[in-house]
Amino acid sequence: MSTASERTLIMIPTYNERRNVGPLLAQILDQGTDFDVLFVDDNSPDGTGELLDDLAEEYAPRIQVLHRPGRQGVGSAHQAGIRWAYSEGYDNIITMDSDFAHPPSYLPALRAAAAGFDIVVGSRYLKEDSLADWTPFRKILTRVGHFLTVTLLRMPYDATGAFRYYRLGTVPVGAFDRVRSTGYSFFFESLYIMNANGFRIQQIPIHVLNRTAGASKMRTRDVATSVRFLLVLCAEKYLRPSKHRISSAARH
């Protein structure tokens, strides 16, 4: 759990989320005052970035916006936000989606679970009804992804979700240097690298909600790309395990 002297950042990537960011931010701020919020916007055509600038001005200095020139992938957005947190001296970072899939009410539980751990994952698979609000197709797609990451990468975690807590004081930026994916496969690749390097990982159960506004950003080609990358990562796990290890120097 974060101490009073630690700085915690909540990082949220956005692309065409104008209808969601205001209500989402209000719910996040209801959870306390001992953290800041960074939005990473990929030049959303619907004006999300401009609205975020207004919110950042209203809630300054707690809210920051990182503007990128165009859509570069959700994994790339996470990398940019995480590296910004390191450069700004934050001790911890929480990553989450902008579509209310990750209810802000879970933020205190996520932070509390970090005591004694380096990474905390909000898991959709620790309770039977966690996906009750999702469509059948989305449930099937998500469960297949979970089955594949558990089977191929031998990780008992929810490796495809974005709701996570990283303790930046114990997880070095060098661990993220090993992550190559810029898309949705960032999530299972980054967690695999953390697991392969012996970082302590904890999970908490969460009940995820269906998108309240806007459309899902995942496309068929994103699914195909993720599956191909998962197979590559699995092959590397057994044939080139050292590829994912960070040096002792990178840990300091």
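Everything that follows concerns the structure shown earlier in this document.
Presented here is a report on the structure given in the accompanying data block. (Residues numbered from 1 in each chain as written. Predicted model: local features only at pLDDT ≥ 70, side-chain atom pairs only at ≥ 80, totals over all residues. Heavy atoms only, no water.)

Attention now goes to the sheet that holds strand 4 (residues 92–95). With mixed pairing, 7 strands are arranged side by side in an open sheet as 3-2-1-4-6-5-7. The open sheet terminates on both sides in strands that have one partner only, identified here as strand 3 (63–67) and strand 7 (201–205). Neighbour to neighbour, the strand axes of the sheet diverge by 20 degrees on average, direction disregarded. Relative to strand 6 (residues 164–167), strand 5 (residues 119–123) runs antiparallel, the two being bridged by 3 bridges. Among the inter-strand pairings, Val 120 is bridged to a residue of strand 6, identified as Tyr 165. Against the sheet, helix 3 (residues 74–87) touches strand 1 (8–14), strand 2 (36–41), strand 3, strand 4 and strand 6, its axis set at about 155 degrees to strand 1. (Pairing = 2+ DSSP bridges. Helix = DSSP H or I, 4+ residues; strand = E, 2+ residues; numbered from the N terminus. Axes fitted to C-alpha atoms, helices over the stretch in contact; angles between N-to-C directions. Contact = heavy atoms within 4.5 Å.)

What follows deals with a negative patch on the surface. A cluster of acidic residues, Glu 50, Asp 53, Asp 54, Glu 57 and Glu 58, forms a negative patch at the surface. Mapped onto the secondary structure, Glu 57 falls in helix 2 (residues 48–58). On the basis of relative accessible area, Glu 57 is assigned to the exposed category, the value being 65%. (Patch = residues over 30% accessible without salt bridge, like charges linked within 9 Å, V, L, I, M, F, W, Y side chains within 5 Å. Areas by Shrake-Rupley, 256 points an atom, 1.4 Å probe, with all protein chains shown as cover. Salt bridge = Lys/Arg side-chain N within 4 Å of Asp/Glu carboxyl O. Lys, Arg positive; Asp, Glu negative; His and termini not counted. Charge placed at Lys NZ, Arg CZ, Asp CG, Glu CD. Buried < 20%, exposed > 50% of the residue type's maximum accessible area, 1.4 Å probe, protein only.)

The subject of this paragraph is the nonpolar core. Side chains that are nonpolar tend, in soluble globular proteins, to be buried together. Counting 36 residues, the largest nonpolar core has Ile 93, Ile 119, Tyr 166, Leu 191 and Met 194 as its most contacted members. Put simply, the parts of the chain that give this core at least two residues each are strand 1, strand 2, helix 3, strand 5, helix 6 (173–177), helix 7 (186–196) and helix 8 (220–239). Residues within four places of Met 194 in sequence aside, it is in contact with Ile 119, Tyr 166, Val 171, Ala 175, Phe 176, Phe 199 and Ile 201. Listed in part, the 32 residues of the second largest apolar core include Ile 12, Leu 24, Leu 25 and Val 208. (Core = buried A, V, L, I, M, F, W, Y, C linked by side-chain atoms within 4.5 Å.)

Next up on the list: the side chain of Thr 8. Secondary-structure assignment places Thr 8 in strand 1. Exposure remark for Thr 8: the relative accessible area of 2% places this residue in the buried category. A polar atom in the side chain of Thr 8 sits 3.2 Å from the side chain of Asn 92. (Polar contact = N/O pair within 3.5 Å; in protein donor to acceptor, adjacent residues only side chain to side chain.)

A few words on the packing of helix 1 (residues 18–29) against helix 2. Contact geometry of helix 1 with helix 2 gives a least axis separation of 9 Å together with a crossing angle of 20 degrees. As the angle between them shows, helix 1 and helix 2 are arranged roughly parallel. Pair helix 1 / helix 2 crosses with right-handed handedness. When helix 1 is examined against helix 2, the residues Arg 18, Val 21, Gly 22 and Leu 25 are found in contact with a partner set consisting of Thr 48, Leu 51, Leu 52 and Leu 55. Classifying every residue of the contact of helix 1 with helix 2 gives 5 nonpolar, 2 polar and 1 charged. (Parallel < 35°, antiparallel > 145°, perpendicular 65-115°, else oblique. Left-handed = near helix turned anticlockwise from the far one by under 90°. Nonpolar A, V, L, I, M, F, W, Y, C, P; charged D, E, K, R; others polar.)

A few words on unusual backbone geometry. The omega angle of the peptide bond from Ala 60 to Pro 61 is 5 degrees, so this bond is cis rather than trans. Mapped onto the elements, Pro 61 comes out in the loop between helix 2 and strand 3. Phi is positive for Asn 16, which is not a glycine, with a value near 55 degrees. The phi torsion at Phe 100 lies on the positive side, around 75 degrees, for a residue other than glycine. With respect to the helices and strands, the residue Phe 100 is situated in the loop between strand 4 and helix 4 (107–112). When its relative accessible area of 9% is taken as the criterion, Phe 100 is described as buried.

Treat this as a map of the structure, not an account of what it does.
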